[in-house]
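The residues making up each chain are set out below.
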Amino acid sequence: MRRFLFLLLIFSGLSTFGQADRITESGKLTSLIKTANGVEISAEGAKIILTSYSPTIVRVRIVQHLFRDDFSYAVIQKSSPAFNSVSESKDSWILSTDSLNVYIQKNPFRIRFANHQGTSICEDYQDFGVTWQGTEVTCYKKLFPDEKFIGLGEKTGPLDRRGEKYENWNSDIPDYSVIQDPLYVTIPFYMGIHDHITYGIFFDNSFRSRFNFGASTDDLFSSFSASDGEMNYYFFGSSTVANIIKDYTWLTGRMKLPPYWSLGYQQCRWGYYPESEVMSLAQKFRDKKIPCDVIYFDIDYMDSYKIFTWHKIRFPQPKSMIDALKNKGFHVVTIVDPGIKIEKGYSSYEDGITNDYFAKYPDGKLYVGRVWPGRCHFPDFTKESTRKWWGNSFAALIDPGVEGFWNDMNEPSAWGQSIPAIVQFDFDGHHGSMAEAHNIYGLNMSRATFEGTKSLLGGKRPFVLTRAAYAGIQRYSAVWTGDNDASDEHMLLSARLVNSMGLSGIAFTGPDMGGFIGIPSKELFTRWLSLGVYTPFLRNHAVVDSKDKEPWSFGEETERIAIELLNQRYQLLPYIYSAFYEATQSGMPVARSLAIANTFDEKIYWRTYQNEYMFGDNLLIAPVTSDQQFAKVYLPEGEWYRLSSNAKYQGNTEVIVEAPLNDLPVFVKASGIIPMQSVIEYTAQKPSVALELHIYNGKTPSSFTFYEDDGTTYSYENGSYYKRMIIFDPRTKTITLAKSEGSFDSKFSAIHLILHDFSEMGIKVDEKDYTLKMKSKTEKMVEFPLSLDRVEIRY
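Residues numbered from 1 in each chain as written. Predicted model: local features only at pLDDT ≥ 70, side-chain atom pairs only at ≥ 80, totals over all residues. Heavy atoms only, no water.

(A) Main features of empty space enclosed by the protein. In this structure the tally under the stated criterion is 6 cavities of 30 Å³ or more. Taken together, 18 residues form the lining of the largest cavity, with M255, K256, P258, Y476 and S477 sitting closest to its centre. Per-class residue counts for the lining of the largest cavity are 14 nonpolar, 2 polar and 2 charged. For the second largest cavity, the calculated volume is near 80 Å³. I150, G151, K155, G157, P158, L159, R161, R496, N499, S500, L503 and Q610 together form the lining of the second largest cavity. Among the elements of the structure, β13 (148-151) and α10 (488-503) are those that each provide at least two residues to the lining of the second largest cavity. Counting residues per element, the lining of the second largest cavity draws most heavily on α10, which supplies 4 residues. Taken together, the residues of the lining of the second largest cavity break down into 4 nonpolar, 5 polar and 3 charged. (1 Å grid on protein atoms, 1.4 Å probe; cavity = no way out; pocket = protein on both sides within 12 Å on 5 of 7 lines; lining within 4 Å. Points joined across faces, edges and corners; volume = space filled by probe spheres on them. Nonpolar A, V, L, I, M, F, W, Y, C, P; charged D, E, K, R; others polar. Helix = DSSP H or I, 4+ residues; strand = E, 2+ residues; numbered from the N terminus.)

The structure is reproduced here in structure tokens:
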């Protein structure tokens, strides 16, 4: 009776549907065949394949009739024989790995993932497992009483997504609201948390998809669905959020190290032209000694908005201009949109027509959409030849000296319309339509941009930025959060968006600082910049014809604070770059939701504290609005120091702290290690010879991997880097600098060891006595050569 009432509840009105809308589900298991990496199953109304990828990763594919080509733009790994055994009981088949047991219920067919103690991690909802309604396929999962959900990429709403529902359909939404859904990016990967257990699910289906985390289901189930395609998901059974992210980024790939200059401050505006204005802007930054590394060129640099062209009047000699900017320490990033203007004689248009690079209708007629240049064709980036052509076309920008490439309008966006679902795409020979290509369009445009510019730059790293994306984007591009608004609400939302994308494998991300649309007050600009210092991607951007938003545009006091804040960003670059290195190795984001390290701490999910996050290993950031002079902050387990004052706080506490505009609440974890450098105005400028190594006293051992390379090339892949483990152990009262690794010569020749909250006045460095100098009431410093092979410091 319960099952009947459930079906009646969610499918009432079924009799009015046509045959195509009839709801079917997977039924009784009829056969199971073992394969090299898993099993193939037949059930009433369904075919199923389970394969292992590692002891903690299992893939599930379910269809009604025939499996599609096994093809993904997100996944880069192959299955492997990780199942140790396949056994049968009366009611189930059991597949076991070193970490998981997968129970396959026979009647009706259901899947349950458990640990080796038998505790259920994630399981199908018993009354309804996998269903089809026409082409739409849905998987229902049991909702545990205390279950929380995190991740799903660029999504508004709370940190804990329990009780929320979301849709994935990359959309161009200017000035979006703080509850807007969907936005620009599709990352169909989330993590569930319950009973001190964690798991992850990546639903690799690029059709329009929906996720329901218990919204309007009376806490019975969660679900995920797609309008077409397979029920194709990867289950992650690692025991921590950090390890699930590590497994997910192993499966979908990790970022490569970006150019060092892209971690600096980036100045952007729609409307920097002509050349004289750009040069004046650059000189003003240098005259005022405001740190800055990048100037952007929005659509006005092009001839009639045609991609891969330069406006002959506004920028008549782009190479000489860019050379002059480089001499001042600036790098140039130019915008590129996918729409190719339909114009006889325009080389990109002619190449596309001649070589069949554009998306088309089933009858072969080329699709036409209107964007900035007017009537345009759109490249089919799912075709290898198109990607290579697109990549080679960047010679028009790279030859004059451009090194950064900003992919915009790639949801894809076409004005006043939704691109018809029947438009055809190659899918690298697997063939599909816009219905399936839409969400992966930005991913493949970014891929084409990255691969092409990397090749053309002759060993130098390109900087690629994108607005639209799909899972796996971290392999090719940074992501920014689109056309936001100048408001406190958007500033706080930006922290959650960045942290959520970090939970979803994207480490290099950030918003338009200050808000793209609208005019920020000087207080909002200052507060947002203070938050931007601790954001992976730091760009100030403004819409055309809006008030100036450069750091000097809000008065002398705001300019003075802005210089202090940007100096702090540049001093932290050794710490930040080391965090990016960690992202390349483990997928650990640079901006880290507190849910990573404090998964089962209820308070971090409270609306009051959900915006807080860790920046790298050791800095806790507490975003506050522009009108707050005091802030209520939650400090998780451990001990903490206020970065600006060294004031010490106990963890597991809620505290009220001062929050003036020039001092965002930022805290250092006790036992934390923070490498810093002297103030510089741009990343190519050499800092002083001493690396400042800040260590904050604490009760627990800690370590930090300091990483350095040339910041420009891929030589690090061949061993040209400087890497050194720094270990603090209060139990033995030692600080150890392990032997350095790699062939790169550090830019630093000395270490200024700065100890915070240590009572000792003397230390031994390799048994040689050193006297600590007082730097402040709570800081003591000593200097010694970096070249020492292995350093053991006793205090």
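(B) Spotlight on the packing of helix α3 (residues 275-287) against helix α4 (residues 318-327). Two numbers describe how α3 lies on α4: the axes approach to 10 Å, and their chain directions differ by 5°. As judged from the angle between their axes, α3 and α4 are roughly parallel. Taken together, the residues of α4 that come into contact with α3 (itself represented by E275, V278, M279 and A282) are M321, A324 and L325. Class assignment for the residues of the contact of α3 with α4 results in 6 nonpolar, no polar and 1 charged. (Axes fitted to C-alpha atoms, helices over the stretch in contact; angles between N-to-C directions. Parallel < 35°, antiparallel > 145°, perpendicular 65-115°, else oblique. Contact = heavy atoms within 4.5 Å.)

(C) Looking closely at helix α13 (residues 573-586). Taking 1.5 Å per residue, 14 residues should reach 20 Å; α13 reaches 20 Å between its end C-alpha atoms and fits that length. Counting buried residues in α13 gives 12 out of 14 residues, a clear majority hidden from the surface. When α13 is considered as a whole, its buried residues turn out to be L573, P574, Y575, I576, Y577, S578, A579, F580, Y581, A583, T584 and S586. Just downstream of α13 lies G587, where phi reads positive at about 80°. (Expected span 1.5 Å × (residues − 1). Buried < 20%, exposed > 50% of the residue type's maximum accessible area, 1.4 Å probe, protein only.)

(D) The arrangement of the environment of V765 in detail. Position of V765 relative to the elements: it lies in strand β50 (residues 762-765). For the pair V765 and P338, spaced 427 residues apart in sequence, the C-alpha separation works out to 58 Å. Among all residues touching V765, those that are not within four sequence positions of it are Y770, F784, L788, V791, E792 and I793.

(E) The arrangement of unusual backbone geometry in detail. The amide bond that connects N107 to the next residue, P108, takes the cis arrangement and shows omega of -5°. Along the chain, the position of P108 falls in the loop between β8 (101-105) and β9 (110-114). For the peptide bond that leads from D181 to P182, omega is 0°, which places it in the cis range. Structurally, P182 is set in the loop between β14 (165-168) and β15 (185-186). Here S304, not a glycine, exhibits a phi torsion of approximately 55°, which is positive. Position of S304 relative to the elements: it lies in the loop between β22 (294-297) and α4. Residue class for S304 comes out partly exposed when judged on its relative accessible area of 41%. Of note in this structure, D356 is not a glycine but carries a positive phi near 60°. Tracing the backbone through its elements, the reader meets D356 in the loop between α5 (347-355) and β25 (369-371). Exposure remark for D356: the relative accessible area of 32% places this residue in the partly exposed category.

(F) Examining the layout of surface pockets more closely. Counted as a void, the largest pocket has a volume near 680 Å³. As for the largest pocket, its lining consists of 32 residues, of which A597, M614, D617, N618 and K669 are closest to the centre.

(G) Here's a closer look at the pattern of salt bridges. Counted according to the given criterion, the structure contains 49 salt bridges. The residue E559 makes a salt bridge to K288 at a minimum N-O spacing of 3.3 Å. Here the residue E559 occupies a position in helix α12 (residues 556-571), and K288 occupies one in the loop between α3 and β22, the gap between them amounting to 271 residues. In this structure E559 comes out as buried when scored by relative accessible area, which is 13%. Here K288 falls in the partly exposed class, since its relative accessible area comes to 29%. Taking the shortest distance from any N to any O, the salt bridge between K723 and E741 comes out at 3.8 Å. Of this pair, K723 sits in strand β47 (residues 722-729) while E741 sits in the loop between β48 (734-737) and β49 (750-756), and the two are 18 residues apart along the sequence. Since its relative accessible area comes to 42%, E741 is described here as partly exposed. (Salt bridge = Lys/Arg side-chain N within 4 Å of Asp/Glu carboxyl O.)

(H) Looking closely at the pairing of strand β51 (residues 768-771). Of the pairings in the sheet, the one linking β50 to β51 comprises 4 bridges and is antiparallel in character. Among the inter-strand pairings, G762 is bridged to a residue of β51, identified as T771. (Pairing = 2+ DSSP bridges.)

These results come straight from atomic positions and should not be treated as a statement about function.
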